Amino acid sequence: MDNPGNGIAGFRLTEHTWMTELGNWIDAISPDGRRAGALLFDPKIIGLPGVRDRVVQAVMTDQRLVLAGLTGLIPVADVVAAGDQVWLLTAQAVSPTLADLMSASPIDPNGAVSLLVETAQTLLALHAAGVTHGSVHPGTVVVTAEGVSLLSERGLSDAIRARVSPRERDAAGWASLARGLAASFGHTAPESAELLERGAATAQTLGLGTARDLLVNERGRLPGGRISRDGLARAARGRSAFAQPPSYARPPVPTPQDEGDIVTLLRVPGQSAGPLGSGAGTQPPEPFPSGVGTQPQGQPVGPLQFGPGVGTQPQEPETPAQRIWREGRGEAATVHRPGGRLARASRARRRRTILASAVFAVIMAGAILAWFRLGSAPDLAVKSIDVVAPKKTQGCGSAVLITGTVVTNGSPGQITYEWRKNLDKEVVKGTLRTEADQTSYTVPLRWTLEGKSNVKATATLRILTPGPVITDKASFTYKC
């Protein structure tokens, strides 16, 4: 799994990788041997004017919030540039995600509520600090080997789109999580699924705080009457070997090798972190006992780098980025010393200035070319669908409304779909035009049944394009 020949800024890259709208995520190992993550931004996105600066600003905001006491986010260790590549390095593993777990097997109701309560808690803390997440979906919810649910990619989707998402967008994303989890186990635990459906509706009408309290106060409707991370922890450890705690002692940390010119994009050491927004770092009270909804105490989250060599953890072996900063400061100190060092330092500065200007010109030319030829919007993708039918038995001559909810990645485009009914051969086809930044759409089907019969009617929704084909179905009873 590990490919020690590949690395960036002291982080070793493994062979486990996956694509997102931001670029290429890779499971990694930090310089001190802990599980971590590395995101190589898509050059067509990060090279657009202003995107890199907005990404760096979003990361610096996260680091200030984490230092102020906010938990529930995947901590970012650094953002570095290596040539024309830009990397985001995390101090904690970024897999498996909820999307990974749901693709393998349904999430148990107890774990589903634990995940929803913890993510709601994190979102409420972000909102209290004056910021939002902007892209809540199964791919940005990370489940640790202990079953803790953390959010990744906070603010990055907004940064590449030059927008500020409202709190309602976070609530809608959380509600989609709840509906997707309810659909995954609805046939085996209908009472728990109904609780999640009500939680989703409450989030979009009364807010995340009320929805979180609803799940906590009615946990008696769950199997065993309690909220538990145990199922999530088992699913996370079973999904990926990378998520399992190592069963062997870690080898000594090797001395980092020179990887070339790698420069941190976060602020220079010594600059002020700046004031936090109103309420930064404050969180709502603990919603229920047993510590669910908070990150376990003592869980290592890694050093928070504010430029190489300055962090909140004990110093580790010097990385190439740290060496660059140290040597730069050392050369500057020789300017005031007697002798010929002044001239040499001046010539070195001129060479660096010329090189930096050339690199900047190449980057800007590539960014302008990408802007005109490639565009900034990712392709439309359907994340999930959820079909809901009435639970009550329908009588003679009933006109039944069946609702399908389609969740996308927020890109504009067109979706083609069809409804199929098990009682006849009619196929109802349709198209749906999606808009930028909207992720949830409703696709209704009205089914009229007549005559004397006692049958189970099932409607199936199939999303045909964009591929791959996704289906979901729901049933109701007709009795006349």
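To be clear, the structure that these remarks concern was listed above.
The paragraphs below set out a description of the structure included in this document. Note that this is a predicted model, so its numbers are computed, not measured.

A complete count under the given rule lists 5 cavities of 30 Å³ or more for this structure. Its volume calculated, the second largest cavity comes out at about 110 Å³. Taken together, 13 residues line the second largest cavity, and the ones lying closest to its centre are I74, V76, S152, E153 and R154. Going through the elements one at a time, α2 (51-67) and β6 (85-90) are the ones with two or more residues in the lining of the second largest cavity. The residue makeup of the lining of the second largest cavity, split by class, is 8 nonpolar, 2 polar and 3 charged.

A word on helix α4 (residues 109-128). Between the first and last C-alpha of α4 there are 28 Å, a value that for 20 residues agrees with the 28 Å anticipated at 1.5 Å per step. Directly after α4, the chain includes G130, whose backbone phi takes a positive value near 90°.

Below, the discussion takes up the pairing of strand β16 (residues 470-479). Of the pairings in the sheet, the one linking strand β15 (residues 454-465) to β16 comprises 10 bridges and is antiparallel in character. Its bridge partner lying in β16, T460 is registered against K473. As consecutive antiparallel partners, β15 and β16 are separated by 4 residues.

Counted according to the given criterion, the structure contains 1 disulfide. Residue C396 pairs covalently with C480 via a disulfide, S to S 1.8 Å. Judged by the sign of its S-S torsion, about 105°, the cystine formed by C396 and C480 is right-handed. With a gap of 84 residues between them, C396 in the loop between β10 (382-388) and β11 (399-408) and C480 in the segment after β16 connect regions that are remote in the sequence.

Quick look at the sheet that holds β11 now. The strand order across the open sheet built from 3 strands is β10-β11-β14, with neighbouring strands paired in antiparallel fashion. Of all strands in the sheet, those bounded by a partner on one side alone are β10 and β14 (440-448). The sheet shows a mean angle of 20° between the axes of neighbouring strands, direction not considered. Bridge count between β10 and β11: 6 bridges; the pairing is antiparallel.

What counts and what doesn't
Residues numbered from 1 in each chain as written. Predicted model: local features only at pLDDT ≥ 70, side-chain atom pairs only at ≥ 80, totals over all residues. Heavy atoms only, no water. 1 Å grid on protein atoms, 1.4 Å probe; cavity = no way out; pocket = protein on both sides within 12 Å on 5 of 7 lines; lining within 4 Å. Points joined across faces, edges and corners; volume = space filled by probe spheres on them. Helix = DSSP H or I, 4+ residues; strand = E, 2+ residues; numbered from the N terminus. Nonpolar A, V, L, I, M, F, W, Y, C, P; charged D, E, K, R; others polar. Expected span 1.5 Å × (residues − 1). Pairing = 2+ DSSP bridges. Disulfide = S-S within 2.5 Å. Axes fitted to C-alpha atoms, helices over the stretch in contact; angles between N-to-C directions.

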